[in-house]
Amino acid sequence: MSERVNILLIEDNPGDARLVEIYLQSAIGFEFTLTHAVRLSEGIGLSKNNPIFDVILLDLSLPDSQGFQTLKTATAAFRKQSSIIVLTGLNDESLGIKAVESGAQDYLVKDQIDTTLLTRSILHAISRRKMQLEVETTATNLKLSEERLLLAQRIALIGNYEYHPQENYMFASGEVYSILEVPASPTDFTPNHFYEILNTPAHQKSAKELYREILKSRQTSFDFEHRLFIKKDSRYKYIRNKGQIEYSPETGNVIKVIGAIQDITAFKYAEEMLMQSQERYKIVFEESQDAIYMTTQSGEFVEFNQSLLSLLGYSRKELYDIHFDKIFAQPEQLKEFNTRLTLHKKVKDFEVELQCRNGQIIDCTITTKEWKSIEGDIMGFHGIIRDITLLKRNQELIKAKEIAEQTAHHKEQFLANMSHEIRSPMNVVVGMAHLIESTNLNPKQAEYVNALKLSSDNLLRLINNILDFSKIEAHKIEIEKRPFNLHHLINDLISTSQFEAKEKNIDLYSVISETLPEIVVGDSVRLYQILNNLLSNALKFTHQGKVVLSARVKQSSAVLQELTFSVEDTGIGIPYDKQQTIFDSFTQAADSTARLYGGTGLGLTIAKSLVELLGGELSVQSEPEKGAVFSFNIFFETAINANIIEPEPPLFPLVSNKENQHHDIVKSGMFAGNIPHDNLETFDSTLSPDSQVNILLVEDQRLNQIVASDLLKKWSEHLNIEIANNGKEAIEMVVEKGSFYHLILMDLSMPVMDGFQATRFIREQLSEPVCNIPVIAMTAHAYNTNAQRCYEAGMNEFITKPIKPELLYKSIGKVLGLSERQTNLQEQNTTDKTSGLNLDYLRSLAGNDNEILIVMIETLIDELPDELETLTNSKETGDWEVLKRTAHKFKSTCAYMGMEDMVEIARNIENLLWEEESSEFLDNWVATLNEQCNKAYLELKLTLELLKSEHQLTN
């Protein structure tokens, strides 16, 4: 098709809209312009202000219109040149027929379409609509011509003829010859010839017989149709023959016959196509292997197909006389079926035993739902019955298990790929945000950039939530047992959520029983994740009142403690019929919930699954508009040594809190490259502060190349960056230039040759010193297995996309063997000597009261120098216990100052010391924390002076 097709898609589901666009983009030789509207009113408005849309893809269930009223309104509103194709999730042949009868050109079920079907339907719809318009135009012209004929006694120029019986004279216009497809030879065109041409098949009356009947009845006008067989190419044409007869008043004989013939073949074919479109659904209905039925609301059969008769063994007449309830073999199953149908208006895959006409009992599943008239009135129920007798009786458990395992594997692979596909563009978004942030911004621009970073973090958190859910389903979650401080965990949770609560003016607090043990042994990360999900859920759906986290001892012994946790809110509550389904994956309490509050519906699913992994059960008690209480019990081991305390869990636990901590991989012995990770002496990377660093960036996506290059240039002005588009190009460049490169930044997923293959080739096939060039892996995949594969392939570091600049710079400084002074010097180029101080959290705690804020800042200024001195002294003297406690305190201090990166560094120091690990990271972490907090100290003093000045002016 050479013409561009203008398509209007009216669909409120973004996923379905995107799928339609993908299908259209996949069509070959099909050019289109797609316009998307989410409401019917929006689509109608677009059609008034834009060129004519050739096709309207219309969903029947829209925010401002429901059911067949949507089709009625659309049919009346859109220009008649537009073809309407109903695009819906309802797989209902009867509704499809009614849709076509109501003006739609076609009826497509969303989960059954593909590129071919959608393209074919659009092209056919356009063709049929054009044909209809042509027929309607022709019919209109014919009517006008007929009116002129009556008024002016002239014959329309369609194809006219005159017959004078007394003179045996026949005249026909040129159009008549063209329509009848005979040579234009007036001398041969006699009445007998005319009758012969107009002759029809034997089972129809001939034109001569029709004329005789007209003359016999003394009719003065006639209007009839012929179906002609064109012998030369074996086809049929349809002709309309209309005219008037003039009789002699004296003798009554025919004086003259004036007529016109019209080729109505196109109209007939269009009419036939419409009928075929309707018949198609009837054929699907009748020839389906599934037993399909329709009943009234009271249970009388209205329609059914042959498969149902074959399944139950009844004749058609017998089944019409049988009530639907009578085919159930078990009364209790019928009762439960009717109860579900009454409550939910539909039932899916309900297993029952049905009784056939011969008394045989068969196992079946029934899927049924209401069917409505075009006006929306409930007419009854329609459904599908499937015979599962053989399925239940055959031993298919092993096969089903294999299928389930394979499905789980594909699902995990899909989620991994999805993570990569989302993280790749997110790398550009986050990278650009960091680059913009480092420029001179006015306050409004800084606000915009901060909003962009927050949204990016939320999206990444959402991705991690989905990946966590995938791990749970794949049974890859490992439960740990370590001692931890339960009171600190709860306090951290409340502190973390306090900002959101204050923004919504909600009271948030915890109620801890006096008997609750301080130290317990269990999985603190999973407990934190459960409670965090429940708290987030409660805060999301609470608009006023309170949210309370409670913890108490249910029962205890010398070795075990059963603890009860609950999260209570005064929010919108949960409908009674949804209180079980809310724990299902991707499920929310109502269809409108996702639109109003957002989210994937995975939070409660993950919480419930984790509770069950910990041996408990999550339950809910709720009343609509009166809030909800989620509670669960978990067993913890009693801590034997109360002095052993696990560091607090991270404020925002992701899929893994060790994904980027390389020392965990080294500890496990997973690195298998040619270069020992902590010893780069075989490669000359000792650099002076002014040395040029040659970096080979291996990345196939152009935007990622730009982001990575600009981030690197922000780190140091002494960089030479060269780019390879895939692993093969990288190898060719390394072979050509030898040890010219100091570092390779290697993407993992690339065409031609990926990062794993390229790194292995460099390590195994090239000679020293080229084979020892440090390699830092970059990937959008989030699974820990990638980290292991990277180190096994011989890479030195592993960072995930979206790339955090500070982690990238640390990794580069580490693998290049830069001294602490050089690394800090490079970092100063990117930080512009600022600490990342953000007092938004303090302001929220102060309730925007400057007097309280001044007191808080003065407290920080008073305490910070002593804390920093203790930090550096304990590191220099090797007093790890003091350093651990100081790092723990710095988590809170930095959180109050809004320095999230420093919170993470303080947590890393504490985790490292808790695990009694030695790492080259420790010196850099302590130095960075000390440096940034000193900067923050100076900024705090300046801020304090400004606040005091403002306070004096306002008072």
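To keep things clear, this report deals only with the structure shown in the data block.

Parameters at a glance
Residues numbered from 1 in each chain as written. Predicted model: local features only at pLDDT ≥ 70, side-chain atom pairs only at ≥ 80, totals over all residues. Heavy atoms only, no water. Phe/Tyr/Trp six-rings, centres within 6.5 Å; stacked < 30°, edge-to-face > 60°. Buried < 20%, exposed > 50% of the residue type's maximum accessible area, 1.4 Å probe, protein only. Helix = DSSP H or I, 4+ residues; strand = E, 2+ residues; numbered from the N terminus. Contact = heavy atoms within 4.5 Å. Polar contact = N/O pair within 3.5 Å; in protein donor to acceptor, adjacent residues only side chain to side chain. Arc of directions from axis to C-beta. Patch = residues over 30% accessible without salt bridge, like charges linked within 9 Å, V, L, I, M, F, W, Y side chains within 5 Å. Areas by Shrake-Rupley, 256 points an atom, 1.4 Å probe, with all protein chains shown as cover. Salt bridge = Lys/Arg side-chain N within 4 Å of Asp/Glu carboxyl O. Pairing = 2+ DSSP bridges. Axes fitted to C-alpha atoms, helices over the stretch in contact; angles between N-to-C directions. Core = buried A, V, L, I, M, F, W, Y, C linked by side-chain atoms within 4.5 Å.

## Concerning the packing of aromatic side chains
Thinking step 1. Following the criterion strictly, the structure yields 15 aromatic pairs and no others.
Thinking step 2. On the basis of an interplanar angle of 35 degrees and a centroid distance of 5.7 Å, the ring pair of phenylalanine 222 and phenylalanine 224 is categorised as tilted. Residue phenylalanine 222 shares its accessibility class with phenylalanine 224, and that shared class is buried.
Thinking step 3. Taken together, a centroid distance of 6.3 Å and an interplanar angle of 80 degrees make the contact between tyrosine 293 and phenylalanine 301 edge-to-face. Side by side, tyrosine 293 and phenylalanine 301 carry an identical accessibility label, which is buried.
Thinking step 4. Connected via pairs of aromatic rings, a cluster forms that spans Tyr293, Phe301, Phe304, Tyr320, Phe324, Phe328, Phe337 and Phe350.

## Concerning the environment of aspartate 59
Thinking step 1. With respect to the helices, strands and loops of the structure, aspartate 59 is situated in the loop between strand 3 (55-58) and helix 3 (68-77).
Thinking step 2. Once you skip the residues sitting within four places of it in the chain, aspartate 59 turns out to touch Ile10, Glu11, Asp12, Thr70, Leu87, Thr88 and Lys110.
Thinking step 3. Looking at aspartate 59, its side chain comes within polar contact range of the main-chain nitrogen of serine 61, at 3.3 Å.

## A word on helix 3
Structural remark: α-helix, 3.6 residues per turn; residues separated by three or four positions point the same way.
Thinking step 1. Among all positions in helix 3, only Phe68, Thr70, Leu71 and Ala74 are buried. All buried residues of helix 3 lie within an arc of 145 degrees about the axis, which places them on one face of the element.
Thinking step 2. Contacts made by the buried residues of helix 3 are with helix 2 (40-49), strand 3, strand 4 (83-88) and helix 4 (93-101).

## Describing unusual backbone geometry
Thinking step 1. A cis geometry characterises the amide bond from glutamate 768 onward to proline 769, with omega recorded as 0 degrees.
Thinking step 2. Along the polypeptide, proline 769 turns up in the loop between helix 23 (755-765) and strand 26 (775-779).
Thinking step 3. In this model, lysine 345 sits at a positive phi of 65 degrees, which is unusual for a non-glycine residue.
Thinking step 4. As for its placement among the helices and strands, lysine 345 is situated in the loop between helix 12 (331-344) and strand 13 (346-355).

## A closer look at a nonpolar patch on the surface
Thinking step 1. A cluster of nonpolar side chains, Phe229, Tyr236 and Tyr269, forms an exposed patch at the surface whose accessible area comes to about 270 Å².
Thinking step 2. Residue classification places tyrosine 269 among the partly exposed residues on the basis of a relative accessible area of 35%.

## Describing the pattern of salt bridges
Thinking step 1. With the rule as written, the count across this model stands at 27 salt bridges.
Thinking step 2. Between lysine 737 and glutamate 722 there is a salt bridge, with its nearest N and O atoms 2.7 Å apart. Of this pair, lysine 737 sits in helix 22 (residues 727-737) while glutamate 722 sits in strand 24 (residues 719-724), and the two are 15 residues apart along the sequence.
Thinking step 3. Several salt bridges converge on common partners, so that one network encompasses Glu11, Asp16, Asp59 and Lys110.

## Remarks on the sheet that holds strand 1 (residues 5-10)
Thinking step 1. Taking strand neighbours across the sheet as the criterion, the 5 strands line up as 2-1-3-4-5 in an open arrangement whose pairing is parallel. Across the chains shown, the open sheet's two edge strands, defined by having one partner strand only, are strand 2 (32-37) and strand 5 (106-109). Each strand of the sheet is rotated relative to its neighbour by a mean of 20 degrees, with strand direction disregarded.
Thinking step 2. Across the sheet, helix 2 is in contact with strand 1, strand 2 and strand 3; its angle to strand 2 comes to roughly 135 degrees.

## Some points on the sheet that holds strand 7 (residues 169-172)
Thinking step 1. A sheet is described by the order of its strands in space; here 5 strands give the open sequence 7-6-10-9-8, paired in antiparallel fashion. Lying at the two open borders of the sheet, with one neighbouring strand each, are strand 7 and strand 8 (221-230). For this sheet the average axis-to-axis angle between neighbouring strands, irrespective of direction, equals 20 degrees.
Thinking step 2. Sheet analysis places strand 9 (residues 235-247) next to strand 10 (residues 254-263), joined by 9 bridges and oriented antiparallel. What sits directly across from glycine 243, in strand 10, is glycine 259.

## A look at the environment of phenylalanine 337
Thinking step 1. Here phenylalanine 337 lies in helix 12.
Thinking step 2. What makes phenylalanine 337 buried here is its relative accessible area of 2%.
Thinking step 3. A C-alpha to C-alpha distance of 7.4 Å links phenylalanine 337 and phenylalanine 350, two positions 13 residues apart in sequence.
Thinking step 4. The contacts of phenylalanine 337, once residues within four sequence positions are left out, are Phe324, Phe328, Val347, Phe350, Ile366 and Thr368.

## Some points on the nonpolar core
Thinking step 1. Formed by 41 residues in total, the largest nonpolar core has its most connected members in Leu486, Leu527, Ile530, Leu534, Phe565, Phe630 and Phe632.
Thinking step 2. At the level of secondary structure, the elements contributing two or more residues to this core comprise helix 16 (486-503), helix 17 (524-540), strand 19 (546-556), strand 20 (560-569), helix 19 (603-613) and strand 22 (628-638).
Thinking step 3. By residue number, the principal contributor to this core is helix 17, which donates 8 residues.
Thinking step 4. Those residues in contact with phenylalanine 565, other than ones at most four positions away along the chain, are Leu486, Leu527, Leu531, Ser550, Ala551, Phe630, Ser631, Phe632 and Phe636.

Shape is all these values report; function is a separate question.
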